[in-house]
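Letter by letter, the chains look like this.
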Amino acid sequence: VRRLHDIDPNDIAKFYPLPKATSFPWWNFDQLLDELRPTFTDNDHAVLMKRWQALRPYFVAAQNINLESSANRSVLCHGDIHPGNVIINRTTGRPILLDWDLLSVAPREWDHAALLTWASRWGGQASTYSDFAQGYGLDFSTNDLATALAELRLLSATLMRWRASL
């Protein structure tokens, strides 16, 4: 993933359309919360709205990335990093990333966020994020943007699962 993040997104954008990671429909929290509002209790809706309002500035920060500015630079992100999307080449022993349908541009914290809750929310091994961070060369477990994006991913998953259950 570190090598992916080191690729200049402009080199890929010449040949492949690269959306911002926040442009996918499951990240439209205002629309989802409005659509699902009639199915929530008042208290549940209030709790979800409060979390969304607290996390909105981080979402806006992720939306405001660009390809030009070095201060707020976006990177090429896989978008769905987790152990199920990695296989190991038997000959070389090198990892191979699968499932590229969420390829996009975002802050590098976007890919880290996917693994920050891997153990606590998705039942993965407790060492998954620390192993990933060690291989990446940076640990974002205390990074405000990465932890907020991790929580936003959980909020999105909750809303999408709620919607699917209806």
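See the structure shown above.
As the structure is a prediction and not an experimental result, all values here were calculated from the model.

J.: Even after reading the chapter, I still don't get the packing of aromatic side chains, so can you show me in this structure?
T.: Any two aromatic rings considered together are summarised by their centre-to-centre distance and by the angle between their planes. Counted by the stated rule, this structure contains eleven aromatic pairs. Taking 5.8 Å as the distance between ring centres and 70 degrees as the angle between the ring planes, the aromatic pair formed by Trp-27 and Phe-29 counts as edge-to-face. Judged on exposure class, the residue Trp-27 and its partner Phe-29 are both buried. Taking 6.3 Å as the distance between ring centres and 70 degrees as the angle between the ring planes, the aromatic pair formed by Tyr-136 and Phe-140 counts as edge-to-face. Each member of the pair, Tyr-136 as well as Phe-140, is classed as buried. Three or more aromatic residues link up through ring pairs in this structure, and these residues are Trp-27, Phe-29, Trp-52, Phe-59 and Trp-110. Above the ring of Tyr-136, the side-chain terminus of Arg-2 is found at 4.9 Å from the ring centroid. Geometry around Trp-122 places Arg-121 over its ring, the cationic atom sitting 4.5 Å from the centre.

J.: Mind showing me how you'd approach unusual backbone geometry here?
T.: In this structure, Asp-99 takes a positive phi of about 65 degrees despite not being glycine. Looking at the element boundaries, Asp-99 is found in the loop between strand 3 (95-97) and strand 4 (104-106).

J.: Please explain the side chain of Thr-117 as it appears in this structure.
T.: In this fold, Thr-117 is placed in the loop between helix 5 (109-116) and helix 6 (118-122). By relative accessible area, Thr-117 is classed as buried at 12%. Apart from residues no more than four positions distant in its own chain, Thr-117 is found in contact with Trp-122, Ala-150 and Leu-154.

J.: I would appreciate a short explanation of a nonpolar patch on the surface in the present structure.
T.: Side chains of Ile-87, Ile-96 and Leu-98 sit close together on the surface and give an oily, nonpolar patch of about 210 Å² of accessible area. Counting through the fold element by element, Ile-96 comes out in strand 3.

J.: For this particular structure, what's the right way to read the environment of Leu-4?
T.: With respect to the helices and strands, the residue Leu-4 is situated in helix 1 (residues 2-6). Each C-alpha atom, one on Leu-4 and one on Val-75, is 8.1 Å from the other, the two residues being 71 residues apart in sequence. Setting aside residues no more than four positions away along its own chain, Leu-4 makes contact with Leu-76, Cys-77, His-78, Trp-100 and Asp-111.

What counts, and at which threshold
- Residues numbered from 1 in each chain as written.
- Predicted model: local features only at pLDDT ≥ 70, side-chain atom pairs only at ≥ 80, totals over all residues.
- Heavy atoms only, no water.
- Phe/Tyr/Trp six-rings, centres within 6.5 Å; stacked < 30°, edge-to-face > 60°.
- Buried < 20%, exposed > 50% of the residue type's maximum accessible area, 1.4 Å probe, protein only.
- Lys NZ or Arg CZ within 6 Å of the ring centre and 35° of its normal.
- Helix = DSSP H or I, 4+ residues; strand = E, 2+ residues; numbered from the N terminus.
- Contact = heavy atoms within 4.5 Å.
- Patch = residues over 30% accessible without salt bridge, like charges linked within 9 Å, V, L, I, M, F, W, Y side chains within 5 Å.
- Areas by Shrake-Rupley, 256 points an atom, 1.4 Å probe, with all protein chains shown as cover.
- Salt bridge = Lys/Arg side-chain N within 4 Å of Asp/Glu carboxyl O.

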